[in-house]
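Read off the chains here:
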Amino acid sequence: VILPLAFNVFPNPVSATGFLNVQTPDSVSQANLISFSGKVWESVPIEEGKITLSGIPAGLYVLQLEGYRNQKLVIEN
């Protein structure tokens, strides 16, 4: 069994007005923010290892990158 690689996000929790740093290979250029109800809230680009969170409401999300394990993400106001 081959398990998907983990990735790092920081800071977590993060402010809804700030940036989320993501340590992934350069080949990963997009992430999905998924609510705990299963709704894909938004697909966000990863640019130079950062995700801009402006306009995303505070809450608890799953950050999903294709080919990787999902990470829990808390966004605060």
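Structural data are supplied above this passage.
Here's what I pulled together on the structure shown here. Bear in mind that the values here come from a model prediction, so they are computed numbers and not experimental data.

1. Some thoughts on the overall build of the protein
So, step 1. A count of helices and strands for the protein gives zero helices and eight strands.
So, step 2. In the protein, the order of α-helices and β-strands from amino to carboxyl end is β-β-β-β-β-β-β-β.
So, step 3. Here the C-alpha coordinates of the protein stretch approximately 40 × 30 × 20 Å along the principal axes.
So, step 4. Scored against the burial criterion, the 77 residues of the protein give a buried share of 32%.
So, step 5. Within the structure as shown, the protein displays about 4,900 Å² of accessible surface, and the carbon and sulfur contribution to it stands at 52%.

2. Details of the side chain of Ser 35
So, step 1. Within the fold, Ser 35 resides in strand β4 (residues 30-35).
So, step 2. Apart from residues no more than four positions distant in its own chain, Ser 35 is found in contact with Leu 60 and Tyr 61.

3. Focus on the packing of aromatic side chains
For any two aromatic rings, the description comes down to two numbers: the centre-to-centre distance and the angle of the planes.
So, step 1. Here the structure, examined in full by the defined rule, presents zero aromatic pairs.
So, step 2. In this structure, Lys 50 packs its charged tip against the face of Phe 19, placed 6.0 Å from the ring centre.

4. A word on the sheet that holds strand β6 (residues 50-52)
So, step 1. Read from one edge to the other, the open sheet built from three strands follows the order β1-β3-β6, with strand pairing classed as antiparallel. What marks the edges here is a single partner per strand, and that holds for β1 (8-10) and β6. Averaged over all neighbouring strand pairs, the angle between strand axes comes to 25°, with direction disregarded.
So, step 2. The sheet contact formed by strand β3 (residues 19-23) and β6 spans three bridges and is antiparallel. In the strand pairing of β6, Asn 21 is matched with Lys 50.

5. Side note on the sheet that holds strand β2 (residues 14-15)
So, step 1. The sheet built from five strands is open, its strands ordered β2-β8-β7-β4-β5 with mixed pairing. Each having just a single partner strand, β2 and β5 (40-45) make up the two edges of the open sheet.
So, step 2. Where β2 lies against strand β8 (residues 71-76), two bridges are found, and the strand directions are parallel. In the strand pairing of β8, Val 14 is matched with Ile 75.

6. Points about the nonpolar core
So, step 1. Of all hydrophobic cores here, the largest spans 20 residues; its most connected members are Leu 20, Ile 51 and Ile 75.
So, step 2. Setting aside its immediate chain neighbours within four residues, Leu 20 contacts Val 9, Phe 10, Pro 11, Val 14, Gly 49, Lys 50, Ile 51, Leu 53, Leu 63 and Leu 73.

What counts as what
- All residue numbers refer to position in the chain's written sequence, counted from 1.
- Thresholds applied to this predicted model are a pLDDT of at least 70 for local features of residues and 80 or more for the giving and counting of side-chain atom pairs; totals over whole chains, interfaces and linings are not thresholded and use all residues.
- Derived side-chain values reflect all non-hydrogen atoms in the structure, with water molecules and hydrogen atoms excluded from consideration.
- Every helix listed is a DSSP run of H or I at least four residues long, and every strand listed is a run of E at least two residues long, numbered separately from the N terminus.
- The rule is simple: take the accessible area with a 1.4 Å probe, protein chains only, and divide by the maximum for that residue type; under 20% is buried, over 50% is exposed, in between is partly exposed.
- Each accessible area is a Shrake-Rupley result for a 1.4 Å probe, and residues are judged covered by the shown protein chains and nothing else.
- Between two residues, a contact is recorded if the distance between any of their heavy atoms is within 4.5 Å.
- Only the six-membered ring of Trp is used, alongside the rings of Phe and Tyr, when aromatic pairs are assigned; centres must lie within 6.5 Å, and planes under 30 degrees apart are stacked while those over 60 apart are edge-to-face, with the rest tilted.
- Lysine and arginine charges are scored as sitting over a ring when NZ or CZ, respectively, is within 6 Å of the ring centre and within 35 degrees of the ring normal.
- Pairing between two strands requires that DSSP report at least two bridges joining them.
- Orientation is described by lines fitted to C-alpha atoms, with helices fitted over the stretch in contact, and by angles between N-to-C directions that extend from 0 to 180 degrees.
- Residues belong to a common nonpolar core when they are buried Ala, Val, Leu, Ile, Met, Phe, Trp, Tyr or Cys residues joined through side-chain atoms within 4.5 Å.

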